[in-house]
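Residues per chain are reported as follows:
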Amino acid sequence: MLDNLNWWEIGALLLLALLIFGDRLPNVINDGLRMVRNLRGMARNATGDLSRELGTDIQLEDLHPKAFIRKHLLSEEDEQAIRKPLQGVYDNLRADVTGVHNELKDVADAADPRKGGRPATATGGAPAPAPRPSYDDAT
């Protein structure tokens, strides 16, 4: 949950909380922890009630609509029947995107002077004429 915060930021947040709440900070922390415990208990009771009503074992993660449908309403054959028409479209699209990516990479490699490639010209294979030196370059 707090993976993107370093220790300095957490310390600054605690100091800010201490400044805002002052002497009431321990009571605020206790109230927050009590609320989290109550929410967990309510979720546990809800999953227990739902499991009893449906006659199957339901975990809290199963309450996501997609996971619930996959686990409890669709068999594997039904899921494959739903995926089959879209799988071909997905495979074709992936092949097209991969082809375009490879072509763009080839063009970029051909135009990159650091890799020894020459820039593509409008005439096909003829190299572009060397640029003429300007007056400013000579002086």
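Each chain carries its own residue numbering, running from 1 in the direction its sequence is written. Selection of residues for local features in this predicted model requires a pLDDT of at least 70, selection of side-chain atom pairs for listing and counting requires 80 or more, and totals for whole chains, interfaces and linings are taken over all residues. Computation of side-chain values covers all heavy atoms of the structure but excludes hydrogens and water.

Visitor: Kindly report on the overall build of the chain, identifying the contributing residues and their values.
Guide: Strands are runs of DSSP state E lasting at least two residues, helices are runs of H or I lasting at least four, and both sets are numbered from the N terminus onward. Scanning the chain from N- to C-terminus turns up five helices and zero strands. In the chain, the order of α-helices and β-strands from amino to carboxyl end is α-α-α-α-α. Pairs of residues are marked as contacts when any of their non-hydrogen atoms sit within 4.5 Å. Long-range pairs, those at least 24 residues apart, make up 0% of the contacts in the chain between residues at least 6 apart in sequence. A total of about 12800 Å² of accessible surface is found on the chain, and carbon and sulfur atoms cover 60% of it. Reported accessibility uses the Shrake-Rupley method at a 1.4 Å probe radius. Residues are deemed covered only where the shown protein chains occlude them.

Visitor: Would you mind going over helix α2 (residues 25-54) in detail, with residue names and values included?
Guide: Helix span, expected: 1.5 Å multiplied by one less than the number of residues in the helix. For α2, built from 30 residues, the straight-helix expectation of 44 Å at 1.5 Å per residue is met to within 8% by its first-to-last C-alpha distance of 43 Å. All of the buried residues along α2 are Leu25, Gly41, Thr47 and Ser51. Contacts from the buried residues of α2 go to α1 (7-21). Gly55 sits one or two positions beyond α2 and adopts a positive phi of about 75 degrees. Categorising residues by exposure relies on relative accessible area from a 1.4 Å probe, with only protein chains included: less than 20% of the type maximum marks a residue as buried, more than 50% marks it as exposed, and the intermediate range marks it as partly exposed.

Visitor: Please set out helix α4 (residues 76-111) residue by residue, giving values where relevant.
Guide: Taking 1.5 Å per residue, 36 residues should reach 52 Å; α4 reaches 50 Å between its end C-alpha atoms and fits that length. What we call the bend at a residue is the angle made by axes fitted to the seven residues finishing there and the seven residues starting there. Largest kink in α4: about 40 degrees, centred on Lys84, with the proline Pro85 one to four residues after it. Burial of α4 is sparse: only one of the 36 residues sit out of reach of the surface.

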